[in-house]
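Structural description and commentary
Next come the chains, spelled out residue by residue.
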Amino acid sequence: MPEESSDFIRQRIRQDLSEGVTNTVVTRFPPEPNGYLTIGHAKSICLNFGVAEEFGGRTFLRFDDTNPLKESEEFVEAIQRDVAWLGFSWGDAATFASDYFQALYGFAEQLVERGKAYVDSQSAEEIAATRGTFTTPGKESPHRDRPVAENLDLFRRMRAGEFPDGAHVLRAKIDMTASNIVMRDPVLYRIRHATHHRTGDDWCIYPMYDFTHCLSDALEGITHSLCTLEFENNRELYDWVLDNVDVNFHPPQIEFSRLNLEFTVMSTRFFRKLVEGGHVAGWDDPRLPTISGLRRRGYTPEMIRDFCQRVGVTRQENRVAMELLDFCARQALEDTAPRGMAVLDPLPVTIVNYPSDEDETLEAPWHGKHPEMGARAITFGRSLAIEREDFMEEPPRKFRRLSPGGLVRLRYGYVIRCDEVVRDDGGAVVELRCTYFPESKSGGDTSGLKPKGVVHWVSRQSGRAAAVRVYDRLFSVPAPTPDNMEGELNPASLEVAQAIVEPGVVEADTERFQFERVGYFFKDPVEYSRETPMFNRIVTLRDSYRPEPT
RNA sequence: UGGGGUGUGGCCAAGCGGUAAGGCACUGGGUUUUGAUCCCAGCAUUCGCAGGUUCGAAUCCUGCCACCCCAGCCA
């Protein structure tokens, strides 16, 4: 029995099991194949598959493909790839709502025969206009009392393709005065002469979500149908359909709140706009909170699963801070990512007392705390580069880096002193001329020098040029508003740095590195090559440096 | 406005009548050749508000307030 994670859903399942309401646990993850999965879906995936794993049950991956206009095979494949990558398996339980079209049709005829559904011939506009409002009841359709035989005939002819789109619709006969608007004679079937990605042209009528979902759940023997809060109002209809048709299984629908993340949205619709408008590089753009985007960015399944676990499952609206996702990434990488050095914004440093025709090899461990990871060789010589922001001409107090006349240690190398600042015509600093102290060599320092700090560096002779994509939040506001999302995009969500990276990092087979003092980086899985290295920044290092308030 | 939900620290979130877990963030301090990691300490006299029941309430009752969802032939 699971002990560690006990949200209200797991408590409910445990109770159902102990009371004998059910003796198995069968769940399902039911995405519509109309886009790529997001980390919001990951929460649902972890819940559904996780719960089944914990209680020895199984989970269906069921595509909710009832709208041929929006769905496609591309998305089906992408979704399967993402779920599998997250580490969950559905065995042979990949199903499609469209697998049940025939059965669904039979249930619909049952409803018609029982006088529980009728064919309405009003236009979509008329139906909308007569639905009523929150405070006023709807009006019954003039076709509401059509005889069963006529309804059956019309419905069969709808199915046979005798009518154009929109001519008729099948509606449940419930109550046009219901306070729950969902119950005001909801549409069950509509005519759509469209080719479906799986059933082709077999059908020209397609069932609506409310009719399809509950019956698919019942047919698959789902013991706990978990969905998000916005379907709460639909639960009454979910139950109505199952109660008015001959199915011998009635799953309970249980709602939980969906995941929201600060500085981004979880909108398939909006992502499609960004992708199609060329605002991002694709559904897997590392700035998007899609599973494929996070994967491309360098996230691992473990990080995402850890995140979902930490976020919890409740019925409370939420907007989780990005820092939590960052934390999950850093924590996973801390012990697993070898360290390396890269200078993202190089400032040339010339070691004036080092011969120009020589260099030397120093040894640096791949990981300070994990000697078993081994070590690599780095080159020290006359011509180096340090990070531009590690030098300041007029440093504030407590600045532990380099400044004119000051000392710093080059990590794994020597202590140097900045003797001269070279500028271009515009006055910009273009080079630092420094001297190094041979007796300060890392590991055998006898110099007695007390440098202010230690900075990373790379030899300009042996370092490799590399593009480093520095990602930032997609939006510049914590809670983007649906109507103004485009205007709230962060214009600096991607910056590409022309960096210098030590050769050992470029040559290694490892994909994820920590560039010391900078962050964690991932070799782009499609654009990286040893000749033209391309890194994506997964996340920065935590940085507690606060310049003195003056 | 009718119906359905939700309100616990900056953000998540335990708690289910016995006197506020945990995580993230944050703030101090220690270690440190990554301002990282690690370690230690601090961080809600109070649970949307107001009443009531009770020896005792975040937990029960009543009223109020705030926010979210629903008027697709989308899911």
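A few points on the structure. Remember, predicted model here, so these are calculated numbers, not experimental data. (Residues numbered from 1 in each chain as written. Chains lettered and ligands numbered in written order. Predicted model: local features only at pLDDT ≥ 70, side-chain atom pairs only at ≥ 80, totals over all residues. Heavy atoms only, no water.)

**Focus on the overall build of chain A**
A tally of helices and strands in chain A yields 13 helices and 25 strands. Each principal axis of the C-alpha distribution contributes one length, and for chain A these read about 100 × 55 × 45 Å. Per-residue burial over chain A gives 53% buried out of 550 residues. Excluding contacts between residues fewer than 6 apart, the proportion of contacts in chain A whose partners are at least 24 apart in sequence is 70%. Total accessible area computed for chain A in this model is approximately 24,600 Å², and 48% of it derives from carbon and sulfur atoms. Side chains of chain A carry 66 positive and 87 negative charges; the gap between the two charge centres is 4 Å. (Helix = DSSP H or I, 4+ residues; strand = E, 2+ residues; numbered from the N terminus. Buried < 20%, exposed > 50% of the residue type's maximum accessible area, 1.4 Å probe, protein only. Contact = heavy atoms within 4.5 Å. Areas by Shrake-Rupley, 256 points an atom, 1.4 Å probe, with all protein chains shown as cover. Lys, Arg positive; Asp, Glu negative; His and termini not counted. Charge placed at Lys NZ, Arg CZ, Asp CG, Glu CD.)

**A few points about helix α1 (residues 8-18)**
The set of residues buried in α1 consists of I9, R10, I13 and D16. Seen along its axis, α1 keeps its buried residues to an arc of 120°; they face one direction. The secondary structure elements touched by the buried residues of α1 are α2 (39-54), β8 (225-228) and β9 (253-256). A side-chain oxygen of the first residue of α1 lies 3.0 Å from the backbone nitrogen of I9; this N-cap is D7. After α1 finishes, the residue G20 shows a positive phi value of roughly 75°. (Arc of directions from axis to C-beta. Polar contact = N/O pair within 3.5 Å; in protein donor to acceptor, adjacent residues only side chain to side chain.)

**Let's talk about the pairing of strand β18 (residues 429-436)**
Of all the 8 residues making up β18, 6 are buried; the element is thus mostly covered by neighbouring parts of the structure. Note: strand β12 (residues 346-351) against β18, 3 bridges, orientation parallel. Bridging from a neighbouring strand, I351 pairs with C434 of β18. In this structure, strand β17 (residues 415-423) lies alongside β18, joined through 7 bridges in antiparallel fashion. Its bridge partner being in β18, I416 is matched across the sheet by Y436. Where β17 folds back on β18, the antiparallel hairpin that results is connected by 5 residues, among which G427 adopts a positive phi of roughly 90°. (Pairing = 2+ DSSP bridges.)

**Focus on the packing of aromatic side chains**
Taken as a whole and assessed by the stated rule, the structure comprises 23 aromatic pairs. Measuring from centroid to centroid gives 5.8 Å for F270 and F475, while their planes differ by 35°, and the two rings are tilted. A residue pair is termed long-range when its members are at least 10 positions apart, and F270 in helix α9 (residues 268-276) and F475 in the loop between β21 (464-471) and β22 (494-501) qualify at 205 residues. The same class applies to F270 and to F475, which are both buried. Over the ring of W203 we find R159; its NZ or CZ atom is 3.8 Å from the centre of that ring. (Phe/Tyr/Trp six-rings, centres within 6.5 Å; stacked < 30°, edge-to-face > 60°. Lys NZ or Arg CZ within 6 Å of the ring centre and 35° of its normal.)

**Regarding the protein's contact with RNA strand B**
Around RNA strand B, the surrounding shell holds 66 residues, and the nearest of these are T135, R192, K369, R411 and S442. Close to the protein, within 4 Å, the atoms of RNA strand B belong to sugar or phosphate groups at a rate of 65%. A distance of 3.4 Å separates a base nitrogen of RNA strand B from a polar side-chain atom of E516. With respect to RNA strand B, the side chain of R542 contributes an N or O atom lying 2.9 Å from a phosphate oxygen. (Near = heavy atom within 4 Å.)

**Things to note about the packing of α2 against helix α11 (residues 301-311)**
Between α2 and α11, the shortest axis-to-axis distance is 9 Å and the interhelical angle comes to 85°. With respect to their mutual orientation, α2 and α11 come out roughly perpendicular. Contact residues: α2 offers I39, A42, K43, C46 and E53, while α11 offers I304, R305, F307, C308 and V311. The residue makeup of the contact of α2 with α11, split by class, is 7 nonpolar, no polar and 3 charged. (Axes fitted to C-alpha atoms, helices over the stretch in contact; angles between N-to-C directions. Parallel < 35°, antiparallel > 145°, perpendicular 65-115°, else oblique. Nonpolar A, V, L, I, M, F, W, Y, C, P; charged D, E, K, R; others polar.)

**Quick word on helix α4 (residues 101-113)**
The end-to-end C-alpha separation of α4 is 18 Å, in line with the 18 Å expected for 13 residues at 1.5 Å each. Every buried residue belonging to α4 is among F101, L104, Y105, F107, A108, E109, Q110, L111 and V112, and all of these are buried. (Expected span 1.5 Å × (residues − 1).)

**Considerations on the sheet that holds strand β2 (residues 58-63)**
Overall, parallel pairing links the 3 strands, which are arranged β1-β2-β3 in an open sheet. The open sheet terminates on both sides in strands that have one partner only, identified here as β1 (26-29) and β3 (94-96). In this sheet, neighbouring strand axes are inclined to one another by 35° on average, regardless of whether the strands run parallel or antiparallel. Here β2 runs beside β3; their pairing, made up of 3 bridges, is parallel. Pairing of F63 across the sheet is with F96, part of β3. Against the sheet, helix α3 (residues 73-85) touches β1, β2 and β3, its axis set at about 155° to β2. Strand contacts of helix α7 (residues 209-220): β1, β2 and β3, with the helix running at about 145° to β2, the strand carrying the most contacts.

**Considering the packing of α4 against α7**
At their nearest, the axes of α4 and α7 sit 11 Å apart, and the two run at 115° to each other. The orientation of α4 with respect to α7, classified from their angle, is roughly perpendicular. Our pair here, α4 against α7, has a crossing hand that is right-handed. Contact with α4, carried on its side by A103, L104, F107, A108 and L111, involves F211, T212, L215 and L219 of α7 and no other residues of that element. Class assignment for the residues of the contact of α4 with α7 results in 8 nonpolar, 1 polar and no charged. (Left-handed = near helix turned anticlockwise from the far one by under 90°.)

**Quick word on the sheet that holds strand β6 (residues 187-191)**
Across a sheet, strands are paired by hydrogen bonds formed along the backbone, either parallel or antiparallel in direction. What the 4 strands build is an open sheet, ordered β4-β5-β6-β7; its pairing is antiparallel. The sheet terminates laterally at β4 (117-120) and β7 (205-207), the two strands that pair on one side only. Between one strand and the next, the sheet's axes are offset by a mean angle of 20°, whatever the strand orientation. Of the strand pairs in this sheet, β4 and strand β5 (residues 169-172) are connected by 4 bridges, and their pairing is antiparallel. Opposite Y118, over in β5, you have R171 as the bridge partner.

**A short note on the environment of C328**
Following the sequence through the fold, C328 ends up in helix α12 (residues 322-334). For the pair C328 and Y299, spaced 29 residues apart in sequence, the C-alpha separation works out to 9.4 Å. Dropping the residues within four chain positions of it, C328 is found in contact with M303, D306, F307 and R310.

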